[in-house]
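# Architecture at a glance
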Amino acid sequence: MATETFPFQSDVSKLLDIVVHALYSNKQIFLRELISNAADACDRLRYLALTKPGLLGEDAVFRIVLTPDKAAGSLTISDNGIGMNRNDLVENLGTIARSGTVAFIEHLKSEKKEDFNIIGQFGVGFYSAFMVANTVEVVTRRADTNIGWRWVSDGKGTFTVEEVPKVNRGTHIILHLHRDEQEYLESHRLRHLVKTYSDHIAIPVFLREEDKEEAVNEASALWNRPRSEISTDQYREFYRNVGHSLDEPWLTLHYKGEGAIEYTGLLFVPSVRPFDLFHQDRKHHVKLYVRKVFITDDCSDLLPAWLRFLKGVVDSQDLPLNISREVLQHNPLLAKIRSGLVRRFLADLKNRSNTQKDYSVFWNNFGAVLKEGLYEDFERKSEILELCRFHTTASPEELVSLETYVGRMKDGQEAIYYITGDAAEVLMRSPHLEGFRAKGIEVLLLTDSIDEFWPATIGDFSGKNFVSVAHASPDLSKIKNVTEEGKDSTDEPKDQSSESLLRALKKVLGQIIKDVRFSDRLTESPVCLVADQNDMSLHLERLLRQHRQIDHTVPRVLEINPRHSLIRQLADMAQRDEESSAFKDAAFLLLDQARIINGEPLPDPTAFTRRMTVLMERGFNL
Ligand code: ADP
Ligand code: MG
């Protein structure tokens, strides 16, 4: 039978190049990766066999066998799981399908310098075999066929696939080890590695030597054992196995739900933020088992999307075993499990937020995801609000809770004020904040995309509503000034000429703007643009336009500072002749200035430049 040669997908080649040349000190994790693939393959066949028991035949007990061969210098990892057909081999071992690895490649592309040690953060799955082997052979037969296949590669750009007769069901990975990696043929080394990294995968691992087979792992489902019997190390290694990661779990939640429905959850919060957290097609990383039988790792109803950073296992005694994944999605018992897990997780997180300094690690990694719950999960919103942390104008470095914020509100302050934008440093300089600063009012600096959505729908916290400072006319009149700048800002009567300036500006600017109003908030700047009370914020409009979700612009309110000398001069000018081209130019320049300071693009830069040139020439001629 002919042998076919295939090139690796270019990303795989690149990855292999890095893996092979990795200065990576943790090469031994290859064994964990291959054992975890073998266990996954057994889990998948066990699931299929629930409805097609014939698939198992005589060979019904799942197992993984390690066979070192010192004479040949090879280590074989065998399983009697689902196996692969020709197409599976080409697809799964020739391309990068796994989202974590895709993210890894993207990360490498964005880095100028190739940081080898970063591999450790990701784990590169099957390809880690090439860290220790110069040739990798995969001999495999899928459970539903009689034809076996052999895949061979030296990891240098191509692989071959050929048909082979008489292969046991499942997959046999044969590593032809590098000369200086022969330690992986020593039984004590292998035993130690399995104990350390793979003790609690649910499939037994055997070491075969001279026709003897010895079980080397515990092979019990870790989650079913009592907490008191599980060490931190065991939890950590289990996390690394199920989570495909090498970091420490930031939080471990091991929880037994009892009562109407019995289930166990062993869930982890990573300490490192995965790169694909905001990818559209990111899957859940929580595996669902029913009575220790793996059902699926893609059950979107098991946990809400705003907890998609959790990794781990949920096992239930009470779900029916022979249930299809599709039917499962709508199972009412599943909804009960979900709400139990969410409740318990939020309680643990709250506890951790009160007692541990490192809560900011969690918040910086996953706060933006958790906040999606404020918008999506009406029932949980007050619990989630308590867990939120913010940078504010008074505390740009340290994170503060809403409780702290409310505790230090000014006398007369009735709302929680916030401003949205891309970066806190830029927001800190926004003219919208001038009046708030003058009165010493703290403002939340919100820089995640989701922040555009939840404050408007959330209602209140502790009886205080959320109010955007970039929207029209928050009433600050009840709050005393703390600095000179804002003095008399509110109660000073507007004179005749200011009133007619408003009218004249409205007339010149017409439909481009929604309104021109006097501002309470400006102390230093002459003008700013704000969104009218029920309109979307300027920042949101910018975001939506970037993502091409809208193509129109919403007319805005131009606020002017009647105390500013420029505005006073303009008022005089309007009184002299509001039809003059000089006044009209000034009106447009004022608007453009407000756009610039708000970070808005100028709709007509040419007109802006022309007016500016005229103005400068006139100025220089004085
Ligand atoms: P992951 O395990 O995260 O999917 P890997 O790189 O470890 O990524 O493996 C890639 C794919 O190759 C797996 O998803 C699976 O489809 C296939 N595969 C690897 N090892 C085996 C095996 N022992 N039996 C069956 N399929 C396997
Ligand atoms: Mg894997």
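Everything in this summary refers to the structure shown in the same document. (Residues numbered from 1 in each chain as written. Chains lettered and ligands numbered in written order. Predicted model: local features only at pLDDT ≥ 70, side-chain atom pairs only at ≥ 80, totals over all residues. Heavy atoms only, no water.)

## Some details on the overall build of the protein chain
Looking only at helices and strands, the protein chain features 21 helices and 22 strands. Taken over the C-alpha trace, the protein chain has a radius of gyration of 32 Å; the compact-globule value for 622 residues is 25 Å, which it surpasses by more than 25%. Taken along its principal axes, the extent of the C-alpha atoms in the protein chain is 105 × 55 × 40 Å. Within the protein chain, the fraction of its 622 residues that count as buried is 53%. Here the analysis covers contacts within the protein chain between residues at least 6 apart in sequence; of these, 71% occur between residues at least 24 apart. Here the protein chain displays about 29,400 Å² of accessible surface, and carbon together with sulfur accounts for 48% of that area. Here the protein chain carries 78 positive and 93 negative side-chain charges, and the mean point of each set is 1 Å from the other. (Helix = DSSP H or I, 4+ residues; strand = E, 2+ residues; numbered from the N terminus. Rg over C-alpha atoms; globule rule 2.2 N^0.38 Å. Buried < 20%, exposed > 50% of the residue type's maximum accessible area, 1.4 Å probe, protein only. Contact = heavy atoms within 4.5 Å. Areas by Shrake-Rupley, 256 points an atom, 1.4 Å probe, with all protein chains shown as cover. Lys, Arg positive; Asp, Glu negative; His and termini not counted. Charge placed at Lys NZ, Arg CZ, Asp CG, Glu CD.)

## Focus: the side chain of Arg521
By the element assignment, Arg521 lies in the loop between strand E20 (513–518) and strand E21 (527–530). Since its relative accessible area comes to 2%, Arg521 is described here as buried. Polar side-chain contacts of Arg521 include one of 2.8 Å to the backbone oxygen of His471. (Polar contact = N/O pair within 3.5 Å; in protein donor to acceptor, adjacent residues only side chain to side chain.)

## Remarks on the sheet that holds strand E4 (residues 133–141)
On the basis of which strands lie adjacent, the open sheet formed by 9 strands has the order E1-E6-E5-E4-E7-E3-E2-E8-E9 and mixed pairing. Strands at the two margins of the open sheet, each flanked by one partner only, are strand E1 (4–7) and strand E9 (212–215). Averaged over all neighbouring strand pairs, the angle between strand axes comes to 20°, with direction disregarded. The sheet contact formed by E4 and strand E7 (residues 170–177) spans 8 bridges and is antiparallel. In the strand pairing of E7, Val136 is matched with Leu175. (Pairing = 2+ DSSP bridges. Axes fitted to C-alpha atoms, helices over the stretch in contact; angles between N-to-C directions.)

## Notes on the sheet that holds strand E12 (residues 285–290)
Pairing in this open sheet of 5 strands is mixed, and the strands run E10-E11-E14-E12-E13 from one edge to the other. One side of each edge strand has no neighbouring strand; the edge strands of this open sheet are strand E10 (249–257) and strand E13 (293–296). Taken over all neighbouring pairs, the strand axes of this sheet differ in orientation by 20° on average, direction set aside. Inspection of the sheet shows strand E11 (residues 263–270) paired to strand E14 (residues 311–316) by 6 bridges, in the antiparallel sense. Of the residues in E14, the one forming a bridge with Gly265 is Val314. Strands E10, E11 and E14 of the sheet are contacted by helix H7 (residues 232–243), whose axis makes an angle of about 85° with E11.

## Re the packing of helix H2 (residues 29–51) against helix H6 (residues 187–198)
As a packed pair, H2 and H6 sit with axes 10 Å apart at the nearest point and diverge in direction by 65°. By the angle between their directions, the pair H2 and H6 is classed as roughly perpendicular. Considering how the two elements wind past one another, H2 and H6 form a crossing that is right-handed. Counted together, Leu31, Arg32 and Ile35 of H2 and Leu190, Leu193, Val194, Tyr197 and Ser198 of H6 form the full contact between these two elements. Tallied by class, residues from the contact of H2 with H6 come to 6 nonpolar, 1 polar and 1 charged. (Parallel < 35°, antiparallel > 145°, perpendicular 65-115°, else oblique. Left-handed = near helix turned anticlockwise from the far one by under 90°. Nonpolar A, V, L, I, M, F, W, Y, C, P; charged D, E, K, R; others polar.)

## Considering H7
When the terminal C-alpha atoms of H7 are compared, their 16 Å separation across 12 residues agrees well with the 16 Å that a helix rising 1.5 Å per residue should span. Burial runs high along H7: 9 of the 12 residues are buried. Along H7, the residues that are buried comprise Tyr235, Arg236, Glu237, Phe238, Tyr239, Arg240, Asn241, Val242 and Gly243. Contact partners of the buried residues in H7: H2, H6, E10, E11 and E14. (Expected span 1.5 Å × (residues − 1).)

## Here we look at a nonpolar patch on the surface
A contiguous nonpolar surface patch, about 410 Å² in accessible area, is contributed by Met612, Leu615, Met616 and Phe620. The topology assignment puts Leu615 in helix H21 (residues 605–621). Since its relative accessible area comes to 43%, Leu615 is described here as partly exposed. (Patch = residues over 30% accessible without salt bridge, like charges linked within 9 Å, V, L, I, M, F, W, Y side chains within 5 Å. Salt bridge = Lys/Arg side-chain N within 4 Å of Asp/Glu carboxyl O.)

## Looking at the environment of Ala221
As for its position among the elements, Ala221 is in the loop between E9 and H7. Using a relative accessible area of 7% as the deciding quantity, one classes Ala221 as buried. For the pair formed by Ala221 and Asp315, sequence separation is 94 residues and the distance between their alpha carbons is 9.8 Å.

## Focus: unusual backbone geometry
One non-glycine residue, Asp211, lies in positive phi territory at about 65°. Examined against the element boundaries, Asp211 turns out to sit in the loop between strand E8 (205–209) and E9. One non-glycine residue, Ala219, lies in positive phi territory at about 55°. Topologically, Ala219 is positioned in the loop between E9 and H7. Note on Ala219: relative accessible area 21%, which makes it partly exposed.

## Focus on the packing of aromatic side chains
Taken as a whole and assessed by the stated rule, the structure comprises 24 aromatic pairs. Ring centres 5.0 Å apart and planes at 80° place the aromatic pair Phe30 and Tyr184 in the edge-to-face group. Pair noted here: Phe30 is in helix H2 and Tyr184 is in the loop between E7 and H6, with a separation of 154 residues, a long-range link. On the accessibility criterion, Phe30 (0% relative accessible area) is buried. Taken together, the aromatic side chains of Phe6, Phe8, Phe126, Tyr127, Trp151 and Phe159 make up a single cluster linked through ring pairs. Seen from the ring of Phe206, Arg63 lies directly overhead, with NZ or CZ sitting 4.5 Å from the centre. The ring of Trp250 carries the charged tip of Arg352 above its face, separated from the ring centre by 4.0 Å. (Phe/Tyr/Trp six-rings, centres within 6.5 Å; stacked < 30°, edge-to-face > 60°. Lys NZ or Arg CZ within 6 Å of the ring centre and 35° of its normal.)

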